[in-house]
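Observations on the three-dimensional arrangement
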Amino acid sequence: MSLKAIAKELGLSVTTVSRALNGYQDVSADTRARVEAEAQRRGYRPNTFARRLKMGTIDAVGLVFPVNPVPLNNSVFMEMVGEISHELARHEIDLLLIADDDRGCQHSYMRTVESRRVDALIIAHTLDEDPRLQQLQQARFPFLALGRSQLSQPYAWFDFDNYAGTWQATRHLIARGHRCIALLGEQNQQAFITQRRNGYRDALREAGLSERWLRQLPPSRKAGYQTTLALLAEPEPPTAIVTDCNATGDGAAMALAQCGRLVGDDAVALVMYDGLPQDSIVDIDVAAILQGTRAGVGVQIATMVRALIAGEDLARLQVLWQPDFRPGVTA
């Protein structure tokens, strides 16, 4: 089945069909959806070898993630990776996972760059000052950063407004009358963690409230559980808790439930990023900061990577998604 048949059926040019299937941004979303649907209906599969020769591509993308702290323990991150891989596979592009130890003397992703084994890299868990991105810019190698960083030249990035998420949640709790609000946040300097911490701090500062209940801890159920119990045992415990990941939030919910403080007249308000994990034993509608569906995120990132490989203007490959605050019975 050729591109000509798809073009004839849809009343489009062969060039438009080809650009739609290869992720070019000058094709409208509606046209791209029509082309992809028709290609799927007809069972169209591109001649991968011919495309590689014509476009000079490998049809592989690397996703670089840090060894410390390891994000593979995070179900939200792994679900996102799965959706990115699934979407890229629809376009005959493989996704390779590349673990990077920033404390090592050599970075594994640079071996991949130097040997040109991938067409582009996706860099996860960026830092405000990220040497990986600086090194890739110097090497003039295409990359999509999952998060914003301080760089001297334009670059492609996809990010959530992490600052807005915790700011909105904290402001909501303040409006509900809470004055003692805790944040259980990760203990690292990755950009999205810093942004979430700053959103919480600024919301408190604007209301003239103390951040004395801020706690930094590993992103795990155990740490969330133990830290919440310790907070409840303080002479002046918080009346509300915000967590910057759902593993920590699940641990906090378990601790509150155990103490009879998750619901009821003596409840401690709880808001968590990404909502309860699917395997949580807590069966209650916990208030959450949501960042879009995993499938939606996967499609967005995969589409941007394909456009990056196609040579689109980097200034057009910068996308910031806003979070949604969903009140539950806990806040």
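Source: prediction; values computed, not measured. For every chain, the first residue of its written sequence is number 1, and the numbers climb from 1 along that sequence. Owing to the predicted nature of the model, reporting of local features is limited to residues with pLDDT of at least 70; listing and counting of side-chain atom pairs is limited to 80 or more, with chain, interface and lining totals taken over all residues. Only heavy atoms go into the side-chain values, all of them from the structure, while hydrogens and water stay out.

1. Re empty space enclosed by the protein
Spelled out, the test is: The definitions used throughout rest on a 1 Å grid laid over the protein atoms alone, on which a cavity is an enclosed set of points accommodating a 1.4 Å probe that cannot get out and a pocket is an open set flanked by protein within 12 Å on both sides along at least five of seven lines; lining residues are those having an atom within 4 Å of a point. Grid points are joined across faces, edges and corners, and a volume is the space filled by probe spheres set on the points. Helix and strand definitions follow DSSP, with helices as H or I runs of at least four residues and strands as E runs of at least two, each counted in order from the N terminus. Gly counts as polar in this scheme, as do all residues outside two lists: the nonpolar Ala, Val, Leu, Ile, Met, Phe, Trp, Tyr, Cys and Pro, and the charged Asp, Glu, Lys and Arg.
Using the criterion set out here, one finds two cavities of 30 Å³ or more in the structure. In terms of lining, the largest cavity is formed by 26 residues, of which the most central are Met80, Phe160, Phe192, Arg196 and Gln291. Elements supplying a minimum of two residues to the lining of the largest cavity: helix 5 (75-89), strand 5 (156-160), helix 9 (191-206) and helix 12 (294-309). Sort the elements by how many residues they give to the lining of the largest cavity and helix 9 lands first, with four residues. When its residues are assigned to classes, the lining of the largest cavity shows 11 nonpolar, nine polar and six charged.

2. Brief notes about the side chain of Asn188
What counts is decided by this rule: Working definition: with a 1.4 Å probe on protein chains only, accessible area under 20% of the residue-type maximum means buried, over 50% means exposed, and in between means partly exposed. Identification of polar contacts relies on pairs of N or O atoms within 3.5 Å, with a donor-acceptor requirement for protein atoms, meaning one able to donate a hydrogen and the other able to accept it, and with residues adjacent in sequence counted only if both atoms are side-chain atoms.
Here Asn188 lies in the loop between strand 6 (181-186) and helix 9. Taking the relative accessible area as the measure of exposure, Asn188 reaches 12% and is therefore buried. A polar side-chain atom of Asn188 sits 2.8 Å from the main-chain amide nitrogen of Gln190.

3. Details of the side chain of Arg261
Tracing the chain through its elements places Arg261 in the loop between helix 11 (246-258) and strand 9 (269-273). Judged by its relative accessible area of 17%, Arg261 is buried. A distance of 2.5 Å separates a polar side-chain atom of Arg261 from the backbone oxygen of Asp266.

4. Quick word on the sheet that holds strand 8 (residues 240-243)
So the rule is basically this: Strand pairing is assigned whenever DSSP detects at least two bridges linking the two strands. Axes here mean lines fitted to C-alpha atoms, for a helix over just the part in contact, with angles spanning 0 to 180 degrees between N-to-C directions.
Reading across from one edge, 7-6-8-9-10-12 is the order of the six strands in this open sheet, with mixed pairing throughout. The open sheet has two free edges, formed respectively by strand 7 (214-217) and strand 12 (324-326), since each of these has just one partner strand. Direction aside, the axes of adjacent strands within the sheet are offset by 15° on average. Across four bridges, strand 8 lies against strand 9 in parallel orientation.

5. Some remarks on helix 5
The periodicity of an α-helix, 3.6 residues per turn, causes residues three or four places apart in sequence to face the same way. Put simply, the rule reads: One fewer than the residue count of a helix, multiplied by 1.5 Å, yields its expected span. By arc we mean the arc of the directions from the helix axis to the C-beta atoms, nothing more. The contact criterion used is simple: two residues touch if any of their non-hydrogen atoms lie within 4.5 Å.
An ideal rise of 1.5 Å per residue puts 21 Å on 15 residues; helix 5 measures up with 21 Å between its terminal C-alpha atoms. Taken together, the buried positions of helix 5 are occupied by Val76, Phe77, Met80, Val81, Ile84, Glu87 and Leu88. Buried residues of helix 5, seen end-on, are gathered within an arc of 135° and therefore sit on one face of the element. Buried-residue contacts for helix 5 involve strand 1 (60-66), strand 2 (94-100), strand 3 (120-123), strand 4 (143-146), helix 11 and helix 12.

6. Thoughts on the packing of aromatic side chains
Operational definition: The pairing test for Phe, Tyr and Trp rings, Trp by its six-membered ring, is centres within 6.5 Å, and the orientation test on the planes gives stacked under 30 degrees, edge-to-face over 60, and tilted for anything in between. In this analysis the charged atom, NZ for Lys or CZ for Arg, is taken to sit over a ring once it is within 6 Å of the ring centre and within 35 degrees of the ring normal.
On inspection of all chains with the given rule, the structure shows four aromatic pairs. Ring plane angle 80° and centroid distance 5.2 Å describe the contact between Phe158 and Trp321, whose orientation is recorded as edge-to-face. Pair noted here: Phe158 is in strand 5 and Trp321 is in strand 11 (residues 318-321), with a separation of 163 residues, a long-range link. Judged by relative accessible area, Phe158 falls into the buried class, the value being 2%. For the pair Phe160 and Trp321, a centre-to-centre distance of 6.1 Å together with 70° between the ring planes defines the contact as edge-to-face. Here the residue Phe160 occupies a position in strand 5, and Trp321 occupies one in strand 11, the gap between them amounting to 161 residues. Among the residues examined, Trp321 registers a relative accessible area of 22% and is labelled partly exposed. The structure contains a cluster of three or more aromatic residues connected by ring pairs, namely Phe158, Phe160 and Trp321. Taking NZ or CZ as reference, Arg148 lies 5.7 Å from the ring centre of Trp157, over its face. If you follow Arg196 out to its NZ or CZ, it ends over the ring of Tyr273, 3.6 Å from the centre.

7. Some words on the sheet that holds strand 1
With parallel pairing, the six strands of this open sheet are ordered in space as 2-1-3-4-5-11. The strands lining the two open edges of the sheet, one partner per strand, are strand 2 and strand 11. Averaged over all pairs of adjacent strands, the angle between their axes in this sheet comes to 15°, without regard to strand direction. In the sheet, strand 3 pairs with strand 4 via three bridges, with the strands oriented parallel. Residue pairing across strands places Ile122 opposite Leu144, the latter belonging to strand 4. Taken strand by strand, helix 12 contacts strand 1, strand 3, strand 4, strand 5 and strand 11, and its axis lies near 170° from that of strand 5.

8. So, the packing of helix 5 against helix 12
Note the cut-off: Here the word oblique covers every angle except those under 35 degrees (roughly parallel), over 145 (roughly antiparallel) and from 65 to 115 (roughly perpendicular). Rotating anticlockwise by less than a right angle from the far helix to the near helix defines a left-handed crossing, while the corresponding clockwise rotation defines a right-handed one.
Contact pair helix 5 / helix 12: the axes reach a minimum separation of 8 Å and the direction vectors enclose 50°. Judged by the angle between their axes, helix 5 and helix 12 are oblique. When you trace helix 5 past helix 12, the crossing you get is right-handed. Side by side, helix 5 and helix 12 meet where Val76, Glu79, Met80, Glu83, Ile84, Glu87 and Leu88 of the first sit next to Arg294, Ala295, Val297, Gly298, Val299, Ile301, Ala302 and Arg306 of the second.

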